[in-house]
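Observations on the model geometry
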Amino acid sequence: MATATAVSRLAVLAPGTSPLAPGRRRPAVPFPTVSRPRVLSAASRGRVLCLAASAPASSTDAGQDRLQKVPITNIRNFCIIAHIDHGKSTLADKLLEMTGTVQKRDMKQQFLDNMDLERERGITIKLQAARMRYVMNNEPYCLNLIDTPGHVDFSYEVSRSLAACEGALLVVDASQGVEAQTLANVYLALESNLEIIPVLNKIDLPGAEPDRIAQEIEEIIGLDCSNAIRCSAKEGIGITEILDAIVTKVPPPQDTLKNPLRALIFDSYYDAYRGVIVYFRVIDGSIKKGDKICFMANKKEYVADEIGVLSPNQMEADELHAGEVGYLSASVRSVADARVGDTITHFAKRAESALPGYSEATPMVFCGLFPLEADQFEELREALGKLQLNDAALKFEPESSSAMGFGFRCGFLGLLHMEIVQERLEREYNLNLIITAPSVVYRVNCANNETVECSNPSLLPEAGKRRSIEEPYVKIELLTPKDYIGPIMELGQERRGEFKEMNYITENRAKLIYMLPLAEMVGDFFDQLKSRSKGYASMEYAVVGYRESDLVKLDIQINGEPVEALSTIVHREKAYTVGRALTQKLKELIPRQMFKIPIQACIGAKVIASEALSAIRKDVLSKCYGGDISRKKKLLKKQAEGKKRMKAIGRVEVPQEAFMAVLKLEKEVL
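Counting restarts for each chain, with residues numbered from 1 along the sequence as it is written. Given that the model is predicted, a residue must reach a pLDDT of at least 70 before its local features are reported, and side-chain atom pairs must reach 80 or more before they are shown or counted; all residues, however, enter totals for whole chains, interfaces and linings. Computation of side-chain values covers all heavy atoms of the structure but excludes hydrogens and water.

Which entries qualify depends on this criterion: UniProt positions are given in the numbering used here, feature names are shortened, and annotations may be inferred rather than shown by experiment.
For the protein, the name recorded in an unreviewed UniProt entry is Translation factor GUF1 homolog, chloroplastic, with Lolium multiflorum as its organism. Word for word, the UniProt comment on the protein under Catalytic activity (unreviewed entry) is "GTP + H2O = GDP + phosphate + H(+)". Quoted straight from UniProt, the Subcellular location (unreviewed entry) entry for the protein says "Plastid, Chloroplast".

Right, here's the structure in full:
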């Protein structure tokens, strides 16, 4: 009966009208009152069959369609670059939907952000690739999209994406305008000689000013924005224009099909069942399923068990040629064998030289990662190795601490990067971790003219052996509305910043440039910047070198014994404030003993802040309900001698909670 009803509704459409035609509304047709099924005429049956044939293909058919080969001149490799929260993930979603890569029923927000952490925070952490098929002027094109993060801490991911592309969509919020990371990403794209297509997003917002923002892009970046595409990814405005611009403006890859195979690894991850899965871009030649391949960096040989494309899920293919982006599974069990930036070539017909790869990421922030349970050390080592495969900017080396046992000294590109790695280790590998306060690498000039790099206060040479200490400085560019210049300059002065220049890039926006010690920035500088500017200011930084500073090692002594795990390197001006805060916090957290415990903050032998934890006293006079005073004095003297002896031989165990609370305090105070 339901079938007859559906057919009867289709049958009343005007000739030549498709029920799926966009912009057409179905005419209101009352349901038939007859209870018996209708018998269709031959013409009606033909029309129903035509309608069924014109319906969208299933996801399987669409997938097979995307696997069809196109000439190399019809391949376009591009990425999306933008400042954080300018709508690049939303635009990627809409491109996937408009090209039919992802069916509407399967669509969800931030489709390419497949980590729970990315969805919770609303940011992109990992680059993701997706192959799309787009038809323009009856000509099929293969579009390879690589979505990139927008936060400054993940700029290494962006640089790897750019190396695999020929073009980039520069997305700028039409209400926010050009921000710090917008500039940084544009410079990266220009260095890679990419074709940049400016896109003004969020034009549907009440505060959008596309004309002003287009002029701002021309003035600040120097891109011609006369034909900038105006779109709203959320509303689906201008998406077709973007797809057309990708086809017409982004150049195709070079035709190097006849050359020996060279494929650049731009990402990889570890699968428990298949081993290391490699994402690559074929630069020269072609690769087939079953080929014997070689990784050029370490000369390891494997057989390509499975190759395919990312669309955005993995889809197997028989062959990939120059210009295409895909994945490879070759039962690689060792995470060290397939590193990001390596070159894949054929074992029999090897390429003469490897591809340039990527410049090594330089860690900016260091901290210690220790397992809460000592027996989890090996699990932590294995987890860090697998995570480093997926995040090439992560660096780590073994470290031991008298307070927290065995762990690792890890290097990160920034504070957000550090938080993300910690959360991924805890969620994905079920580890309970202690993370120490972030620090930077100092250079110590010794008396014997040697230079020692020190990332941990415990490695700092003694005061008599060192001549000076140098700390890393960064050049920070701060973009802010003019209303918040005062509070931001005040923040810069508080953090030992050296003011360089201020320029008005537009009538209402200014750029401030400061030289700042990196140690002052790795704390809560970014949080303070956002709170003082009500979220409108943005920043970009780059390490410019080392400078000599008046730095000292602040030691914490408990009952005369130094606790290395709590030592820090601070500027002499801040030593008293940090020392006072640490001693007061330790007084609250260390349990009282039978003897008095002095807690001291020292610079060398000089005590600059001190607290004392009073002893737990037994009332020895309770049995003296009368008698001579000399008897009471004798008992008190005996008790004092016992406590003196206890203090000399007694050891104070600092509980784990105290270390964790003090480390948290260090992050706030430093």
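Regarding the packing of aromatic side chains
Cut-off, in case you're wondering: Each pair of aromatic rings taken from Phe, Tyr and Trp, with Trp reduced to its six-membered ring, is defined by centres within 6.5 Å and is described as stacked if the planes are under 30 degrees apart, edge-to-face if over 60, and tilted in the remaining cases. Under the scheme used here, helices are H or I runs from DSSP no shorter than 4 residues and strands are E runs no shorter than 2 residues, and both carry numbers assigned from the N terminus. Throughout this description, buried means an accessible area under 20% of the type-specific maximum (1.4 Å probe, protein chains only), exposed means over 50%, and partly exposed covers the range between. For a Lys NZ or an Arg CZ to count as sitting over a ring, it must be within 6 Å of the ring centre and within 35 degrees of the ring normal.
Scanning all chains against the criterion turns up six aromatic pairs. Ring geometry for Phe377 versus Phe408: centroids 5.0 Å apart, planes at 5°, classification stacked. Linking Phe377 in helix H10 (residues 377–390) with Phe408 in strand E19 (residues 405–412), this pair joins segments that are 31 residues apart in sequence. Like Phe408, Phe377 is buried. An aromatic cluster is defined as three or more aromatic residues linked by ring pairs; in this entry it consists of Phe377, Phe396, Phe406 and Phe408. Across from the ring centre of Phe347, 4.2 Å away, lies the NZ or CZ of Lys292, which sits over that ring. Above the plane of the ring of Tyr546 lies Arg443, whose end atom (NZ or CZ) is 4.0 Å from the centre.

Quick look at the packing of H10 against helix H11 (residues 415–428)
What counts is decided by this rule: A fitted line through C-alpha atoms serves as each axis, taken over the contacting stretch for helices, and the angle formed by two N-to-C directions is quoted from 0 to 180°. Any angle that is under 35 degrees is reported as roughly parallel, and any over 145 degrees as roughly antiparallel; angles of 65 to 115 degrees are reported as roughly perpendicular and all others as oblique. Note: crossing handedness is left-handed where the near helix turns anticlockwise from the far helix by less than a right angle, and right-handed where it turns clockwise. Throughout, a contact is declared for two residues whenever any of their heavy atoms are within 4.5 Å. Note on residue categories: nonpolar means Ala, Val, Leu, Ile, Met, Phe, Trp, Tyr, Cys or Pro, charged means Asp, Glu, Lys or Arg, and polar means any other residue, Gly included.
Interaxial distance between H10 and H11 falls to 11 Å at its minimum, and their mutual angle equals 125°. As summarised for this structure, H10 and H11 are arranged oblique, according to the angle between their axes. Pair H10 / H11 crosses with right-handed handedness. In contact with Leu380, Ala383, Leu384, Leu387 and Asn390 of H10, H11 contributes Val421, Arg424 and Leu425. Within the contact of H10 with H11, the residues separate by chemical class into six nonpolar, one polar and one charged.

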